[in-house]
Amino acid sequence: MTTLSGAPVVNDSPLAAGYLHLEGLAKRFGTTQVFSHIDAVIAKGEFVTLLGPSGCGKSTLLRSIAGLNRLDEGRIVVDGEEITALPPQQRGVGMVFQHYALFPNMRVTDNVAFGLRMQKVPHEERRRRVDEVLRLVELNVHADKFPHQLSGGQCQRVALARALVVEPRILLMDEPLSALDARIRGHLRQQLRDIQQTLGLTTLFVTHDQEEALVMSDRIFLMHDGHILQQGSAEELYTRPRDYHAAGFMGHYNLLFGDQARPLLGEGFDSARVALRPEALYLQPLADGAMGVERPARPGPECPGVIRRCQLLGNIVRYSVECAGVALCVDTLNRGSRHLLTEGSQVGVVVDLDEVQAFVE
């Protein structure tokens with residue numbers, strides 16, 4: 001039985017049959033603590049993204065699971081087998097790097113077959129598996145080409161095929177899409193996700209791109225300063241950040257102190273800090289004849305504001321609004337030019353009180 005997202009379910013819990021266990025992992029380089037107290041249970045077939053800013057330890061954690069970095073503390077268990085002390089080639093792990101790491105003097109088939117040759121897989125079996133995985137990543141027509149004859153997206157799919165052909169127990173991907181342009185990246189991330197779900201392959205994916213994490217993941221581990229700050233589904237991390245740091249990384253939250261938020265939330269509000277999603281704020285044009293907008297079911301007080309900047313982001317219009325001495329980010333759907341608010345427009349700003357994230361500290 002699987003969830004709609006493809007994550008396996010055992011006894012109604014995606015984690016009931018934990019497949020990959022990370023227990024108390026820690027890593028230092030000299031006196032620098034890269035990560036510590038990493039504990040996680042990942043289900044078989046689950047797609048987990050390690051999300052966080054540069055320097056938070058996510059890539060080093062991935063490389064430690066692969067065996068490319070030696071841990072200082074902790075243990076790694078895969079399907080009941082501890083692999084902490086095993087060399088990389090004995091862990092049953094496939095890894096895809098950001099910069100492909102293909103052999104430039106080898107054709108696609110030879111690049112993909114490299115790991116199988118190292119494992120001394122017989123020629124006929126090797127050819128069958130290479131052909132099969134090249135069809136899976138839709139590169140069979142490019143089998144005889146060299147890397148310099150391929151696009152960036154095609155090279156990354158060769159790297160993926162090379163990792164898949166050895167039939168790994170776990171697939172690790174370290175920012176594999178970050179070097180690609182936006183159009184190719186969007187297409188390839190969906191293709192990666194489709195392949196992962198087709199194979200039911202337990203996957204850890206590193207990125208600093210929150211949109212990528214939200215679109216692709218069964219669960220997200222949000223990392224900060226070498227710790228897992230929060231873990232959960234995309235919906236949980238985006239709509240219910242556990243603290244101010246998590247809210248600061250996810251989306252374009254408006255992060256306010258309590259006194260700054262009071263004009264929007266009412267005098268009875270007393271939390272120390274508040275996070276407001278830009279789409280949880282509503283703008284009401286005040287000019288005569290201006291078209292009204294939808295209001296939330298449980299609105300806060302209407303606070304007067306002024307449009308200071310307008311950015312058109314395709315289907316989203318992002319406004320910077322000065323309200324009660326604070327610059328607020330407000331996202332609205334792009335409903336056409338006659339609905340756009342120009343710089344200097346007077347508006348009323350209303351927050352959806354059901355979407356307020358309040359933090360004591």
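Criteria and cut-off values
Residues numbered from 1 in each chain as written. Predicted model: local features only at pLDDT ≥ 70, side-chain atom pairs only at ≥ 80, totals over all residues. Heavy atoms only, no water. Helix = DSSP H or I, 4+ residues; strand = E, 2+ residues; numbered from the N terminus. Contact = heavy atoms within 4.5 Å. Phe/Tyr/Trp six-rings, centres within 6.5 Å; stacked < 30°, edge-to-face > 60°. Salt bridge = Lys/Arg side-chain N within 4 Å of Asp/Glu carboxyl O. Buried < 20%, exposed > 50% of the residue type's maximum accessible area, 1.4 Å probe, protein only. Axes fitted to C-alpha atoms, helices over the stretch in contact; angles between N-to-C directions. Left-handed = near helix turned anticlockwise from the far one by under 90°. Domains from an automatic or database assignment. Buried area = accessible area lost by both parts, 1.4 Å probe. Polar contact = N/O pair within 3.5 Å; in protein donor to acceptor, adjacent residues only side chain to side chain. Pairing = 2+ DSSP bridges.

### Side note on the environment of Phe221
- Secondary-structure assignment places Phe221 in strand E9 (residues 219-224).
- Residues Phe221 and Leu204 lie 17 residues apart in sequence; the distance between their C-alpha atoms is 9.9 Å.
- The contact partners of Phe221, leaving out residues within four places of it in the chain, are Ala40, Ile42, Val48, Thr49, Leu50, Leu51, Ile228, Gln230 and Gln231.

### Some words on the packing of aromatic side chains
- Counting across every chain of the model gives four aromatic pairs.
- Seen from their ring centres, Tyr238 and Tyr253 are 6.2 Å apart, and the 55° between their planes marks the pair as tilted. Linking Tyr238 in helix H7 (residues 234-239) with Tyr253 in the loop between helix H8 (244-249) and strand E11 (254-257), this pair joins segments that are 15 residues apart in sequence.

### Focus: the pattern of salt bridges
- Throughout the structure, instances matching the rule amount to 18 salt bridges.
- In this structure, Arg128 engages Glu125 in a salt bridge whose closest nitrogen and oxygen atoms are separated by 2.8 Å. Taken together, the residues span about one helical turn, with Arg128 and Glu125 both in helix H3 (residues 123-136) at a distance of three residues.
- Residue Arg128 is classed as partly exposed on the basis of its relative accessible area of 40%.
- When its relative accessible area of 28% is taken as the criterion, Glu125 is described as partly exposed.

### Topic: the packing of helix H2 (residues 108-118) against helix H4 (residues 152-164)
- H4 packs onto H2 with a crossing angle of 35° between their chain directions and a minimal axis gap of 7 Å. Like other packed secondary-structure pairs, H2 and H4 cross with a definite hand, here right-handed. Residue-level contacts link Val108, Asn111 and Val112 of H2 to Val158, Ala161 and Arg162 of H4.

### Side note on the domain arrangement of the protein chain
- Per the domain assignment, the segments of the protein chain are domain 1 (20-248) and domain 2 (255-359).
- For domain 1 and domain 2, the distance between their C-alpha centroids amounts to 39 Å.
- Of the roughly 760 Å² buried where domain 1 meets domain 2, counting both sides, 64% is carbon and sulfur surface.
- Sorting the residues of domain 1 by area buried against domain 2 places Tyr238, Thr239 and Tyr244 first, and these three jointly supply 69% of that buried surface.
- Run the count over domain 1 and domain 2 and you get zero salt bridges.
- Inspection of the domain 1/domain 2 interface yields four residue pairs in polar contact (both at pLDDT 80 or more).
- Elements with a contribution of two residues or more to the side of domain 1 that touches domain 2: H7 and H8.
- It is H8 that provides the largest number of residues to the side of domain 1 that touches domain 2, a total of three residues.

### What about the sheet that holds strand E3 (residues 47-51)?
- Taken in spatial order, the six strands of this open sheet run E6-E7-E8-E3-E9-E10, and their pairing is mixed. Because the sheet does not close on itself, it has two edges, and the strands there are strand E6 (93-96) and strand E10 (227-232). The sheet shows a mean angle of 20° between the axes of neighbouring strands, direction not considered.

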